[in-house]
Amino acid sequence: MTPKMTRAQGSSAEREGKGDGAAVARRATAAPSPFPSGSALEPCALVIFGVTGDLAHRKLIPALYDLACHGVLPDAFTIVGVGRRPLDDEIMRDRLLQAVDDHYGEEQADGEACERVLRAPRYVQGGFDDPATYERLAAVLDELDRHGGTAGNRVFYLATPPSQFPVIVRGLAAGGLARRGAWAGTSAGAPRASHPGAGVAGRGARATTHEAAADPPGPPSSGEPARTAVAPPAPGGPAVSVHGWTRIVVEKPFGRDLASAAELNAILREVFDERQVYRIDHYLAKETVQNLLVLRFANTLFEPIWNRRYVDHVQITAAETLGVEHRGTYYEEAGALRDMIKPHLVQLFALVAMEPPVTFDAEAIRDEKVKLLRAVRPIPRDRVDLFAVRGQYVRGVIDGGTVPAYREEPKVAPDSITETYAAIKLLVDNWRWQGVPFYLRTGKRLARRVTEIAIQFRKPPVLLFRDAVAGQGGLVPDQLVLRVQPDEGFSLRIESKVPGQEVALQPVYMDYSYGSSLRELPFSAYETVLVDVIQGDITLFKRGDQVEEAWGTMAPILEAWSTAPRGRLPIYEAGMWGPEAADALVARDGNAWRRPEWGLEGGPRDGGAP
C-alpha cells in the first residue's frame with residue numbers, strides 16, 4: 001500500500017461523506033503536526049471495550065491510523081480489544097486493518113503506518129459482566145507492561161452501548177484495574193516529559209481547582225492491588241502514580257435524564273477519581289469550537305461587544321441531511337434532544353456564553369461552564385411549548401432523490417413519536433446576557449448538512465442611511481458565523497457602500513476558512529480527543545457536575561414531551577428546514593431562523609437569513 005493523497009485532498013473527500021485518502025504517510029511532512037511527537041507522549045495501552053463495534057470501526061481505528069501517519073502515537077503503544085466475539089489476536093488485527101481500508105480505501109492506506117499502530121494488537125474475549133474477562137485483561141496488561149514497555153499506563157475506552165457502562169466500571173474495580181487516584185504522572189514516579197501542552201491541563205497550566213480538589217485520591221477500592229499506591233501530590237503539583245496512570249473514556253450518551261446521569265456519575269466516583277474520568281464530547285474537539293475561546297478572549301475586537309447591549313440573539317444549528325441510517329434502535333430510545341442538543345449543542349452554548357476564566361486551564365474553563373449552566377432560567381413546566389419545539393420528518397426529496405419517512409426507516413416503530421427535530425430557546429439570568437435569547441436546533445433530513453454558531457448583533461440605534469435602504473427591508477444587522485462543519489472557519493457580515501455616486505448599502509463578508517488558508521486541515525475530533533486522553537488533558541471533556549446541570553435544564557422538556565398526547569407531534573417534509581412550529585418559536589421574539597448556505601466558489605450566503 002502506498003500513499004497517494006495529501007491531507008487537504010483526503011479531507012475534501014471526507015467532507016463529501018467519504019473517508020478515503022484522508023491520512024497518508026507523506027502528509028506527515030506536508031505541514032507541521034499540531035500534536036507532539038510520539039516520543040513526547042508517555043507509553044500506554046489503549047483498551048477498547050466493544051472493539052468489534054461500529055464506533056471503533058468507523059471512528060477510533062481510522063483516527064489511530066491517522067495519528068500513526070503523523071508519528072504522534074507513543075513509541076510504546078498497544079491496542080487491546082475486549083469483546084464477546086470469539087476472536088484471537090490475528091483475527092482482530094485483520095479487522096482493524098479492514099477498518100482502515102474501509103475508511104481510507106485500500107489504495108490510499110499506508111502499510112507502514114498501519115504496521116506502527118497495529119503491529120501487535122491483543123484481544124480479550126469475554127462478557128463484560130464476567131469476572132474472568134477482567135482477570136484475563138489484567139494478565140494481558142501486566143504482560144504488556146513487562147515486555148511491551150507500556151509502563152503501567154492504561155486508557156479504558158468504553159465504545160459500548162450505554163447500558164454496559166456501569167457493568168464495565170464495576171468489573172474494572174472488582175478486577176483491580178481501576179486504580180483510583182492514578183490520574184497523572186509517569187511510571188516509576190519519574191517527572192512527565194516536558195513538551196508543549198503536556199500535563200493534566202495541557203492547553204493551560206494546571207487542573208487543581210473545584211472538583212479536582214474536592215475529590216482527592218481515596219483509599220483503594222475493593223479488589224485493588226497494593227502495587228497501585230499513589231504518592232501524595234507536591235504542593236501545587238499533580239499527583240504521581242508510582243506504577244503508571246489509569247484513565248477511562250465514557251462515550252455519549254451519558255445517561256437518559258438527570259436521574260440516570262447522576263446514578264452513572266455516582267458509580268464512576270465510587271471507582272475512579274474525577275480526574276481519571278473523560279466524558280467525551282467530540283464536538284468540543286473540532287477546531288472551530290476550540291478557536292472560539294481564542295476568538296473571544298484573545299481579540300479586543302469581540303469581547304467588549306459580547307453582551308446584551310450589542311448582541312440581539314444567538315443561533316446554534318446542527319443540521320443533517322442523513323436520516324437515522326442503521327441506528328433506528330438507538331434513535332428510538334434517544335431522539336434529537338438526547339442525541340444532539342443535550343450532549344453537543346448545550347456545550348457549544350456554554351462556550352459562547354460563559355464568562356472569561358481566570359486562567360486558561362482545564363478546571364477554570366469547566367468552572368465557568370458550570371456557572372453559566374446554573375444561570376440558565378428554568379423552563380416553566382406548564383409553558384414548555386413557548387421554549388421548545390419537536391418534529392418528525394416524513395417523505396421528501398433530498399439531492400434530487402426521494403427519501404422515506406422516519407416511520408419507514410429500518411428498526412423504527414410504524415407509530416413512533418420519537419422526535420427527529422428539536423429546537424429550544426434558552427435565557428440566561430446574569431448581567432451579561434439578560435434578555436438575549438439563545439436558540440438551539442438540530443434535525444435529521446434537513447435541507448443542508450451544517451453545524452454553525454451565529455451571533456447576530458443589534459441594528460444601529462440611529463439609522464443614518466434610511467433612504468439608502470428604502471425598499472430593501474431595512475439595514476441588515478452585523479452577524480458573526482462560526483462554521484463548525486463541514487467548512488470549518490468563520491465569517492463576519494458587515495454593511496458596506498455599493499460603488500457609485502449614490503449611497504447604497506449591501507452586506508459584505510470577511511471570511512476565514514481553514515481549508516483554503518492552511519496547508520493542512522485540522523485533525524479530526526477523535527484524533528484530538530485520543531491525544532488529549534494520552535496527555536491527560538481534560539479541557540475538552542465534561543465534568544460530572546456539568547453533565548448534571550445540562551440534564552437539569554432539559555428535564556422540563558423531556559417530562560412535557562413524554563406526557564404529551566401522541567397526536568401533537570409536528571411533522572416536516574424531508575429536505576426542508578423543520579416544522580412550522582419551529583419558525584413560530586423564534587418569530588414570537590421578532591426573529592427568523594438562518595437558512596445557511598455555503599460554497600467555497602460562491603462565497604458565504606445567508607439564504608434568507610434575517
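In the block above lies the structure referred to throughout.
The rules behind these values
- Every residue gets a number counted from 1 within its own chain, in the order that chain's sequence is written.
- The predicted origin of the model limits local features to residues at a pLDDT of at least 70 and limits the giving and counting of side-chain atom pairs to 80 or more, whereas totals for whole chains, interfaces and linings rest on all residues.
- Side-chain metrics rest on all non-hydrogen atoms present in the structure, leaving aside hydrogens and water.
- Axes here refer to lines fitted to C-alpha atoms; in helices the fit is confined to the stretch in contact. Angles between the N-to-C directions go from 0 to 180 degrees.
- Counting from the N terminus, the helices are the DSSP runs of H or I reaching at least four residues and the strands are the DSSP runs of E reaching at least two.
- Should an angle lie under 35 degrees it is considered roughly parallel, over 145 roughly antiparallel, and from 65 to 115 roughly perpendicular; all remaining angles are considered oblique.
- With the far helix as reference, a near helix turned anticlockwise by less than a right angle produces a left-handed crossing, and one turned clockwise produces a right-handed crossing.
- Here, two residues are considered to be in contact whenever any of their heavy atoms come within 4.5 Å of each other.
- We treat two strands as partners when DSSP finds at least two bridges between them.
- Aromatic rings from Phe, Tyr and Trp, with only the six-membered ring used for Trp, were paired whenever their centres fell within 6.5 Å, and each pair was classed as stacked if the ring planes differed by under 30 degrees, edge-to-face if by over 60, and tilted otherwise.
- We call a residue buried when its accessible area falls under 20% of the maximum for its residue type, exposed when it is over 50%, and partly exposed in between, using a 1.4 Å probe and counting protein chains only.
- Two conditions define a charge sitting above a ring: the NZ of Lys or the CZ of Arg must be within 6 Å of the ring centre, and it must be within 35 degrees of the ring normal.
- The term nonpolar core refers to a set of buried residues drawn from Ala, Val, Leu, Ile, Met, Phe, Trp, Tyr and Cys, joined through side-chain atoms within 4.5 Å.
- Each helix should span, by expectation, one fewer than its residue count multiplied by 1.5 Å.
- Consider a residue and the seven residues that end there alongside the seven that start there; fitting an axis to each set, the bend is the angle between those axes.

K.L.:
Would you mind going over the packing of helix 9 (residues 287–297) against helix 10 (residues 328–353) with me for this structure?
P.N.:
Between two packed helices, both the angle of their axes relative to each other and the distance between the axes serve to describe the pair. At a closest axis distance of 9 Å, the pairing of helix 9 and helix 10 adopts a crossing angle of 15 degrees. Between helix 9 and helix 10, the crossing angle belongs to the class labelled roughly parallel. Crossing of helix 9 over helix 10 shows right-handed handedness. Here helix 9 contributes Val289, Leu292, Leu293 and Arg296 to the contact with helix 10, which in turn contributes Leu348, Leu351, Val352 and Ala353.

K.L.:
Please explain the sheet that holds strand 2 (residues 77–83) as it appears in this structure.
P.N.:
Strand pairing within a sheet occurs via backbone hydrogen bonds; the two strands may be parallel or antiparallel. Read from one edge to the other, the open sheet built from 6 strands follows the order 3-2-1-4-7-8, with strand pairing classed as parallel. Strands at the two margins of the open sheet, each flanked by one partner only, are strand 3 (122–125) and strand 8 (277–279). Averaged over neighbouring strand pairs, the angle between their axes works out to 20 degrees when direction is ignored. Here 4 bridges tie strand 2 to strand 3, and the two strands are oriented parallel to one another. The residue of strand 3 that forms the bridge with Val82 is Val124. Contacts between helix 2 (residues 54–69) and the sheet are confined to strand 1 (44–49), strand 2 and strand 4 (154–158), with strand 1 contributing the most and set at about 165 degrees to the helix.

K.L.:
What's the story with the packing of aromatic side chains in this structure? I'm lost.
P.N.:
Think of a pair of aromatic rings as described by two things: how far the centres are apart, and how the planes are tilted against each other in angle. All chains considered together, the criterion is met by 13 aromatic pairs. Their ring planes at 70 degrees and their centres at 5.8 Å tell us that Phe49 and Phe128 sit as a pair that is edge-to-face. You can see Phe49 sitting in strand 1 and its partner Phe128 sitting in the loop between strand 3 and helix 5 (131–148), a full 79 residues away along the chain. One exposure class covers both Phe49 and Phe128, and it is buried. When the ring centre of Trp245 is taken as origin, the NZ or CZ atom of Arg247, which lies over that ring, is 3.7 Å away. In this structure, Lys425 packs its charged tip against the face of Phe387, placed 5.3 Å from the ring centre.

K.L.:
Can you walk me through the sheet that holds strand 9 (residues 311–319) in this structure?
P.N.:
Pairing in this open sheet of 9 strands is mixed, and the strands run 18-17-16-15-9-14-13-10-19 from one edge to the other. Of all the strands in the sheet, the pair left with one neighbour each is strand 18 (505–513) and strand 19 (571–573). On average, adjacent strands in this sheet sit at an angle of 20 degrees to one another, irrespective of strand direction. When strand 13 (residues 421–426) meets strand 14 (residues 438–443), the two strands line up antiparallel, connected through 6 bridges. Looking at the pairing, Ile424 lines up with Leu440 of strand 14. Along the sheet, helix 9 contacts strand 15 (450–457), strand 16 (479–485) and strand 17 (489–497); its crossing angle with strand 16, the most-contacted strand, is approximately 145 degrees.

K.L.:
Honestly, the environment of Pro579 in this entry has me stumped. Any pointers?
P.N.:
On the secondary structure map, Pro579 appears in the loop between strand 19 and helix 15 (580–587). A sequence separation of 188 residues divides Pro579 from Gly391, and the C-alpha atoms of the two residues are 6.1 Å apart. Leaving out residues up to four positions away in the same chain, Pro579 has contacts with Val389, Arg390, Gly391, Tyr421, Pro570, Ile571 and Tyr572.

K.L.:
In this structure, what is going on with the nonpolar core? I would like to understand it.
P.N.:
Nonpolar side chains tend to gather and get buried jointly when the protein is soluble and globular. Judged by nonpolar contacts, the single largest core of 155 residues is most densely connected at Phe49, Leu137, Phe349 and Phe438. Here the element with the most residues in this core is helix 10; it accounts for 13 residues. Discounting chain neighbours no more than four positions away, the residues touching Phe438 are Val314, Phe349, Val352, Ala353, Ile424, Lys425, Leu426, Val428 and Trp433.

K.L.:
Can you walk me through helix 2 in this structure?
P.N.:
An α-helix turns once every 3.6 residues. As a result, residues three or four positions apart point the same way. Taking 1.5 Å of rise per residue, 16 residues should cover 22 Å, and helix 2 covers 22 Å from first to last C-alpha, within 8% of that figure. The largest bend in helix 2 is about 30 degrees, located at Leu60, with the proline Pro62 one to four residues further on. Across the 16 residues of helix 2, 12 count as buried, placing the element largely inside the fold. Just beyond helix 2, the residue with positive phi is Gly71, at close to 65 degrees.

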